[in-house]
Amino acid sequence: MEKVKVKLFFTLIITLLLGICVLCAIRGIGSAKLILKGNEYSKLIQVATKYEGQPYKFGGNSPSTGFDCSGMVQYCYLQIGIKLSRTAQTQYDQSIKVSANKAKPGDLVFFKDTYKCPDYITHVGIYVGNNKMYQAGSSGIGYIDLTNLYYKKHLVGFGRIKR
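How each quantity is defined
- Residues numbered from 1 in each chain as written.
- Predicted model: local features only at pLDDT ≥ 70, side-chain atom pairs only at ≥ 80, totals over all residues.
- Heavy atoms only, no water.
- Buried < 20%, exposed > 50% of the residue type's maximum accessible area, 1.4 Å probe, protein only.
- Helix = DSSP H or I, 4+ residues; strand = E, 2+ residues; numbered from the N terminus.
- Pairing = 2+ DSSP bridges.
- Axes fitted to C-alpha atoms, helices over the stretch in contact; angles between N-to-C directions.
- Contact = heavy atoms within 4.5 Å.
- Arc of directions from axis to C-beta.

1. A closer look at the pairing of strand E4 (residues 108-112)
Here is step 1 of the chain: Counting buried positions along E4 gives four out of five residues, so the element sits mostly inside the fold.
Here is step 2 of the chain: As paired elements, E4 and strand E5 (residues 121-129) share five bridges and run antiparallel to each other. Its bridge partner being in E5, Lys112 is matched across the sheet by Ile121.

Given below as structure tokens:
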């Protein structure tokens, strides 16, 4: 009888702990380390806006070569100490997906089918809030409105960078 009580007690404790873990995951508790800290977002945008108005350069990933979308994102994040992979697809793979209503400034915004490419994700930008993002796109580097029909059509979703 005593062994049955001990087994039941431990089963109850394990079930309770698993329930707490699930609840924390649903509510996002413990994921604060994934969001940009302190003034990192300000620094990120400060770096990015230095290049506003410059032309898009396919394959570019530095101020000396110019920037494509993922090159700009990678470079800007590196300037605040966060290393990202090089392509929009691999940045998507590297991120934790978040819903649009949970997106925070500094999260990434991902798109598909913006040009012919074997990758599912073909474009990325930095979410700045209020349905806007900062990007290196065909019209150059700058802000765009995510409610624009073109971007709505190609939107895949938002991702938060793992630290």
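2. A closer look at the sheet that holds strand E7 (residues 140-145)
Here is step 1 of the chain: In spatial order, the strands read E3-E8-E4-E5-E6-E7; together these six strands make up an open sheet with antiparallel pairing. Each of the sheet's edge strands pairs with one partner strand only, and the pair in question is strand E3 (95-98) and E7. Along the sheet, successive strands turn relative to each other by an average axial angle of 40°, direction set aside.
Here is step 2 of the chain: With three bridges joining them, E5 and strand E6 (residues 132-137) adopt antiparallel strand pairing. Across the sheet, Gly129 pairs through a bridge with Lys132, a residue of E6.
Here is step 3 of the chain: Where helix H2 (residues 40-49) meets the sheet, it contacts E5, E6 and E7, and its direction lies at approximately 120° from that of E5.
Here is step 4 of the chain: Across the sheet, helix H3 (residues 69-79) touches E4, E5, E6, E7 and strand E8 (155-161), and the angle it forms with E5 is around 45°.

3. Looking at H2
Quick reminder: α-helices carry 3.6 residues per turn. Residues three or four places apart thus point the same way.
Here is step 1 of the chain: All buried positions along H2 are accounted for by Glu40, Leu44, Ile45, Val47 and Ala48. Along H2, the residues classed as buried sweep out an arc of 160° about the axis, all on the same side.
Here is step 2 of the chain: Next to the buried residues of H2 lie H3, E5, E6 and E7.

4. Some words on the environment of Val128
Here is step 1 of the chain: Position of Val128 among the secondary structure elements: in strand E5.
Here is step 2 of the chain: Note on Val128: relative accessible area 18%, which makes it buried.
Here is step 3 of the chain: Distance in space between the C-alpha atoms of Val128 and Pro105 is 4.4 Å, their sequence separation being 23 residues.
Here is step 4 of the chain: Contacts of Val128, omitting those with residues within four sequence positions, involve Tyr41, Ile45, Pro105, Met133, Tyr134 and Tyr143.

So far we have only geometry, and geometry alone does not tell us how the molecule works.
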